[in-house]
Amino acid sequence: MSDPIRLRFAPSPTGYLHIGGARTALFNWLYARKHGGVFVLRMEDTDEERNTDAARQTIFRGLDWLGFSPDEGPEQGGPYGPYSQSERQDLYVEWGRKLIETGGVYPCFCSRERLAELRESQLQNRETLRYDRACRALDPTEVRRRIDAGDEHTWRLKVPEEGSWAIQDLIRGEVRVEAKDIEDIILIRASGIPVYNFAVVIDDHLMKISHVVRGEDHLTNTFKQVLIYEAFGWSTPTFAHLPLILGPTGEGKLSKRKHPEAALELYQDKGYPVEGLVNWLALVGWSFDDKTEIMSREELIERFSLERVNSSGARLPMEKLDWICGDYIRRMEVEQVAREIEPFLVKKGWVAAEPSDEERARIRLVAAAEKDRLRFFQQIEELSAWVFEAEGEFEAKALKNLQKEGAIDLLRDYLPTFLAGDFDDPAAMEEKARAFADAQGAGFGKLVHPLRAALTRKTTGPGLFDCARILGREESKRRVEKALQLGS
């Protein structure tokens, strides 16, 4: 029986969860679920100055909202914990000692000043920036004397001076690097703390990670890690390097500093339907074929493959997000849409934190009227302001519709018929309105345009008599009478 497939998502809790990180988590989660594997969450939190508990909690909440529940992790536990690097320091020290004993590393006594001078000299001479291996050739007796004397030193990996290494990347195919392009990297700092690449290899090996799926910006780290695996005599996992996510217009890498779209919290706060967002996120750099775009979570799991991930950068297509999420909302039941928009109406103060039965009935009517126009649920604040704000500015064109010759007189004559209608039956109200317009010898548009302006202060929106139903008889009467006063 072969070992189970194991993948990990290993963010650093230094801020919000980046949408690129969310996509990396998604691709790991999809691959694990498709192959009956294990999805591991590991926190790479050794940077004490930048890592915060608030950022950890943001990552936990983000993954929970997306539905990417880890099988093992800091909150879930598991057989290979702890799952935070800050709690694994003793392991790194232990394995660092073993590598020292086997001669896979050597001590480097070079000061920061010497290394800075070396770098400056290489820059001026346009040479490859790399350590010159000055300490690699030190006499063993001299090395022991300096260590015993307490001279500050780091430990560097002994990279072979010749040869090359290749990985079979599941996305990029064979990727190769030459020995001359890899310097003798530091694995253990003078403080005894391991560097990122060393800790990652220890963690991935001990946690039995079979596939490392991460962004292409880690590709240079990958070969450093391959050499560390080699130094320990361990087999390497299978690698796959995802394309970077570019900005919405394709300019450069999507950055936290320049692009608000980089933060997963933006999508949570705007109320994008999570299933639609997951569908969209899967299509950022991956496709099933050249035509299928709407896919359920189950279909994504069934169809996903790393081999179909593009190797080039993927633009973040915000217009496609709105299109996909709009499709998801249109297919929702009205009751679900009502539940989703309720928190936004509560936040605006338009309904009570615990809505009454009457308020809930109105929320349902609003959901039914607006759901086909929604792309994200916060949008209800803009679309339904006319419902909950009794006073407000008229759109310029709506005001013109009230001020057209004969509009106010026609609206005044129609008011009794309007108020006598069945407000629970918009279709019947429309039929009576058409009959009234015909009897007056006026086109239907001449009646409904000023009526819509009176009720909503807008020129577009849901069906006009659906609007009347949402407002109810008394509020509709008040608004029409106020509009009549504007025109008098």
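Scroll up to find the structure this text is about.
Below is a summary of the structure that appears in this document. In this text the structure is predicted, and so the values were computed from the model without any measurement. (Residues numbered from 1 in each chain as written. Predicted model: local features only at pLDDT ≥ 70, side-chain atom pairs only at ≥ 80, totals over all residues. Heavy atoms only, no water.)

**Considerations on the packing of helix α9 (residues 274-282) against helix α11 (residues 318-330)**
Each pair of packed helices gets described by two things: the angle between the helix axes and the distance between those axes.
Argument step 1. Two numbers describe how α9 lies on α11: the axes approach to 8 Å, and their chain directions differ by 140 degrees. When the interaxial angle is binned, α9 and α11 end up oblique. The interaxial crossing formed by α9 with α11 has right-handed handedness. Only Met 318, Lys 320, Leu 321, Ile 324, Cys 325 and Tyr 328 of α11 make contact with α9, whose side of the interface consists of Glu 275, Gly 276, Leu 277, Asn 279 and Trp 280.
Argument step 2. A breakdown of the residues in the contact of α9 with α11 according to their chemical character gives 7 nonpolar, 2 polar and 2 charged. (Axes fitted to C-alpha atoms, helices over the stretch in contact; angles between N-to-C directions. Helix = DSSP H or I, 4+ residues; strand = E, 2+ residues; numbered from the N terminus. Parallel < 35°, antiparallel > 145°, perpendicular 65-115°, else oblique. Left-handed = near helix turned anticlockwise from the far one by under 90°. Contact = heavy atoms within 4.5 Å. Nonpolar A, V, L, I, M, F, W, Y, C, P; charged D, E, K, R; others polar.)

**Section: unusual backbone geometry**
Argument step 1. A cis amide bond links Gly 81 to the next residue, Pro 82, at an omega of 0 degrees.
Argument step 2. If you trace the backbone, Pro 82 turns up in the loop between α2 (53-66) and α3 (89-101).
Argument step 3. Of note, Lys 208 is a non-glycine position whose phi angle comes to about 55 degrees, a positive value.
Argument step 4. Relative to the helices and strands, Lys 208 is located in the loop between α6 (196-206) and β8 (211-215).

**Overview of the packing of helix α12 (residues 334-347) against helix α13 (residues 357-370)**
Argument step 1. Contact pair α12 / α13: the axes reach a minimum separation of 8 Å and the direction vectors enclose 110 degrees. When the axis of α12 is compared with that of α13, the two are roughly perpendicular. Seen along the crossing, α12 lies across α13 with a hand that is right-handed. Contact residues: α12 offers Val 334, Glu 335, Val 337, Ala 338, Ile 341, Glu 342 and Leu 345, while α13 offers Arg 360, Ile 363, Arg 364, Val 366, Ala 367 and Ala 368.
Argument step 2. The residue inventory of the contact of α12 with α13, partitioned by class, reads 9 nonpolar, no polar and 4 charged.

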